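Topology and contacts: notes
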Amino acid sequence: MTECVHLWCMCGLQLIEVVGKTMVLFRGVDDKTVKLLDAYCPHLGANMGAGGVVVGDHLQCPFHQWQFDGDGKCQTIPYTDNIPSSAVAKSYEVMELYGAICFWYDVEGRPAHWKPHLIPQLESGNYIYRGSYKSRNVHMHIQDYAENSADLQHIAPMHGQMLIPFTQIPVPFIQIVHVAGWTTAAKRKAESEKGKREISVEENTLVTTDNHTEKDGAERVEEEGGISGTPHIAYFADTAHLAFRGQPIPRTAAVAEVTFVGAAIYYFHFHTDIGDVMLIQTNTPAKPLEQQVEFFWWSEKSMPWVIATYVVGNWIAQWKNDIEVWENKTWLTKPLLVKNDGPIMPLRRWFAQQFYSDNSLSCAAANTQSLAW
């Protein structure tokens, strides 16, 4: 099984270790822009994130005080004016997104051909930042998280029990009833042009197919964010309500609309009777089969902080339920699928077409030969 070839990832500040590489992240003093370079100086291999300093808009190596700009080019060597053209540290494209730093990684070294889009709700000024949560690193393949959304029959056994937010502690006698589906942006656009209100790729996907003219959240994000039909975008939608001993509990319905932004970033829009919550979840590969997972969330200003955190805590509790399976499963190239399993193979085709290349190393090769995956 191969790792992702290119993706926008979230990362922290200063010295970071992601996608099997050691990098240094810094902000220019003068231009205030964020820059990301491989940490090791091309001169004699010093780690510029360990003792290096920012001088103006350059990163200065601690060993011999060579200075590199945001493109990785050496601009200053204190003891000579003869700077070799090969004195270049590998640089990465970066952008800032709602307080986080994103960077583009491509094993082929190709420039970014898409960027994470802005979220209309957060651009409106009607939402307020509420909090963040950082998980321990999860030992899984990055594709498995995406594949969960198309595995419709795992939802009831894995996510049908109400849990105390942020924990694996069950709430007795309270169940969660789900109606869910997955599709790609391209397919959704085609269906929208046919006048359907649908988010399914298989007949067994339980969603509405009426001809409502009102646009749902994912469609609004497509149009306002300019991403309609974009190949790297996919969607998952889940309408859920609580039940007590099998009987629906009034006024507990909520809708989660999830936009897959490439392989590593997910935008969630939770609709509830009390208000709406926006969540960004990021899965950043640290190395083969190991993901750094973080959550950041906002809510409408009218929604109390405790309610917004409760909504997100419920999602994180359910997300944690899958970790044991993810960390102990194996990869089956030809899974034994049966009717009503869900659109697992369409998701795999979408993922493979967007995020792998002929030169992507297998996990086995990455672990035994190099980390250039």
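Before any of the text, the structure's been laid out above.
Residues numbered from 1 in each chain as written. Predicted model: local features only at pLDDT ≥ 70, side-chain atom pairs only at ≥ 80, totals over all residues. Heavy atoms only, no water.

Looking now at the side chain of D322. Turning to its location among the elements, D322 is positioned in the loop between α6 (305–321) and α7 (323–328). At 10 Å, K329 is the nearest oppositely charged side chain to D322, a buried residue that forms no salt bridge. A polar contact is formed between the side chain of D322 and the side chain of H159, at a distance of 2.9 Å. (Helix = DSSP H or I, 4+ residues; strand = E, 2+ residues; numbered from the N terminus. Buried < 20%, exposed > 50% of the residue type's maximum accessible area, 1.4 Å probe, protein only. Lys, Arg positive; Asp, Glu negative; His and termini not counted. Salt bridge = Lys/Arg side-chain N within 4 Å of Asp/Glu carboxyl O. Polar contact = N/O pair within 3.5 Å; in protein donor to acceptor, adjacent residues only side chain to side chain.)

Turning our eyes to something else, we now look at the nonpolar core. One finds M23, F103, F260, V277, W319 and F351 to be the most contacted residues of the largest nonpolar core, which totals 51 residues. Dropping the residues within four chain positions of it, V277 is found in contact with F268, H269, F270, W297, W298, S299, M303, A308, V311 and V312. Of all hydrophobic cores here, the second largest spans 19 residues; its members include L97, V261, I265 and F296. (Core = buried A, V, L, I, M, F, W, Y, C linked by side-chain atoms within 4.5 Å. Contact = heavy atoms within 4.5 Å.)

The next thing to look at is α6. Helix length check: α6 (17 residues) gives 24 Å between terminal C-alpha atoms against 24 Å at 1.5 Å per residue, within 8%. When α6 is considered as a whole, its buried residues turn out to be A308, T309, V311, V312, G313, N314, I316, A317, Q318, W319 and K320. (Expected span 1.5 Å × (residues − 1).)

On to the sheet that holds strand β8 (residues 74–76), then. Strand order in the open sheet formed by four strands is β5-β6-β7-β8, with antiparallel pairing between adjacent strands. On the outer flanks of this sheet lie β5 (53–55) and β8, each paired with one strand and no other. With three bridges connecting them, β5 and strand β6 (residues 58–60) associate as antiparallel partners. In the strand pairing of β6, V54 is matched with L59. (Pairing = 2+ DSSP bridges.)

On to the sheet that holds strand β9 (residues 91–92). In space, the four strands of this open sheet follow the order β2-β3-β4-β9, with antiparallel pairing throughout. Strand pairing shows two members of the sheet lacking a second neighbour, β2 (14–18) and β9, which therefore form its edges. Where strand β3 (residues 21–27) lies against strand β4 (residues 34–38), five bridges are found, and the strand directions are antiparallel. Bridge assignment links L25 to a residue of β4, and that residue is L36.

One pass over the structure, following the stated rule, counts 21 aromatic pairs. For the ring pair Y145 and W326, a centre distance of 5.9 Å and an interplane angle of 65° mean the geometry is edge-to-face. Separated by 181 residues along the polypeptide, Y145 in helix α2 (residues 142–150) and W326 in helix α7 bring together distant segments of the chain. Each of the two residues, Y145 as well as W326, counts as buried. Ring centres of F268 and W315 lie 4.9 Å apart, and the angle between their planes is 50°; on these two criteria the pair is classed as tilted. Placement of the pair is F268 in strand β18 (residues 265–271) and W315 in helix α6, with a sequence separation of 47 residues. Over the ring of Y235 we find R188, and its NZ or CZ is 5.2 Å from the ring centre. Across from the ring centre of F173, 4.0 Å away, lies the NZ or CZ of R245, which sits over that ring. (Phe/Tyr/Trp six-rings, centres within 6.5 Å; stacked < 30°, edge-to-face > 60°. Lys NZ or Arg CZ within 6 Å of the ring centre and 35° of its normal.)

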